[in-house]
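Secondary and tertiary structure notes
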Amino acid sequence: MDIQLLFFAAVKDHFPDLKKIEVSEGDSINHLRKILAHTNPSSESILKVSRFAVNQAIVGDDFVLREGSVVAVLPPSSGG
């Protein structure tokens, strides 16, 4: 099943052309994190500290993905 991906800030630099990805039914955010780290090993450290939102709601690592989900990868940010 396909899901749409949105990357922000520093994570966007690791996946400039990745807009969709195929995952299996029952895959979780944790599994998606592993797939992305495997796709680009240099992203692993930032993915470990990033949060994920599905359809505009922050979710945990055990959240199960569904067909057509829009997943945003949100790295930590700072500002002042």
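Below: a short report on this structure.

About the cut-offs
- Residues numbered from 1 in each chain as written.
- Predicted model: local features only at pLDDT ≥ 70, side-chain atom pairs only at ≥ 80, totals over all residues.
- Heavy atoms only, no water.
- Helix = DSSP H or I, 4+ residues; strand = E, 2+ residues; numbered from the N terminus.
- Rg over C-alpha atoms; globule rule 2.2 N^0.38 Å.
- Buried < 20%, exposed > 50% of the residue type's maximum accessible area, 1.4 Å probe, protein only.
- Contact = heavy atoms within 4.5 Å.
- Areas by Shrake-Rupley, 256 points an atom, 1.4 Å probe, with all protein chains shown as cover.
- Lys, Arg positive; Asp, Glu negative; His and termini not counted.
- Charge placed at Lys NZ, Arg CZ, Asp CG, Glu CD.
- Pairing = 2+ DSSP bridges.
- Axes fitted to C-alpha atoms, helices over the stretch in contact; angles between N-to-C directions.
- Arc of directions from axis to C-beta.

As for the overall build of the protein
In terms of helices and strands, the protein carries three helices and five strands. Across the protein, helices and strands are ordered from the amino to the carboxyl terminus as β-α-β-α-α-β-β-β. Taken over C-alpha atoms, the radius of gyration comes to 12 Å for the protein, in line with the 12 Å a tight globule of 80 residues would show. Burial statistics for the protein: of 80 residues in total, 36% are counted as buried. For the protein, restricting intrachain contacts to residue pairs at least 6 apart in sequence, the fraction spanning at least 24 positions comes to 54%. Approximately 5,000 Å² of the protein is accessible, and the part contributed by carbon and sulfur atoms is 50%. Computed over 8 positive and 10 negative side-chain charges, the inter-centroid distance for the protein is 6 Å.

Observations concerning unusual backbone geometry
Phi is positive for Ala-9, close to 50°, though the residue is something other than glycine. As for its position among the elements, Ala-9 is in helix H1 (residues 9-14). In this structure, Gln-56 takes a positive phi of about 70° despite not being glycine. Tracing the backbone through its elements, the reader meets Gln-56 in the loop between strand S3 (51-54) and strand S4 (57-59).

Here we look at the sheet that holds strand S1 (residues 2-7)
The five strands are arranged S2-S1-S5-S3-S4 in an open sheet whose pairing can be described as mixed. The sheet is open, and its two edges are formed by strand S2 (20-22) and S4, each paired on a single side. Neighbour-to-neighbour, the strand axes of the sheet open up by a mean angle of 35°, direction not taken into account.

Digging into helix H2 (residues 29-39)
Ile-29, Leu-32, Arg-33, Leu-36 and Ala-37 are the residues of H2 that are buried. Axial view of H2: buried residues confined to an arc of 135°, hence all on one face. With respect to the buried face of H2, the exposed residues turned more than 90 degrees away are Lys-34 and His-38. Tucked into the core, H2 has its buried residues touching S1, S2, helix H3 (44-49), S3, S4 and strand S5 (70-74).

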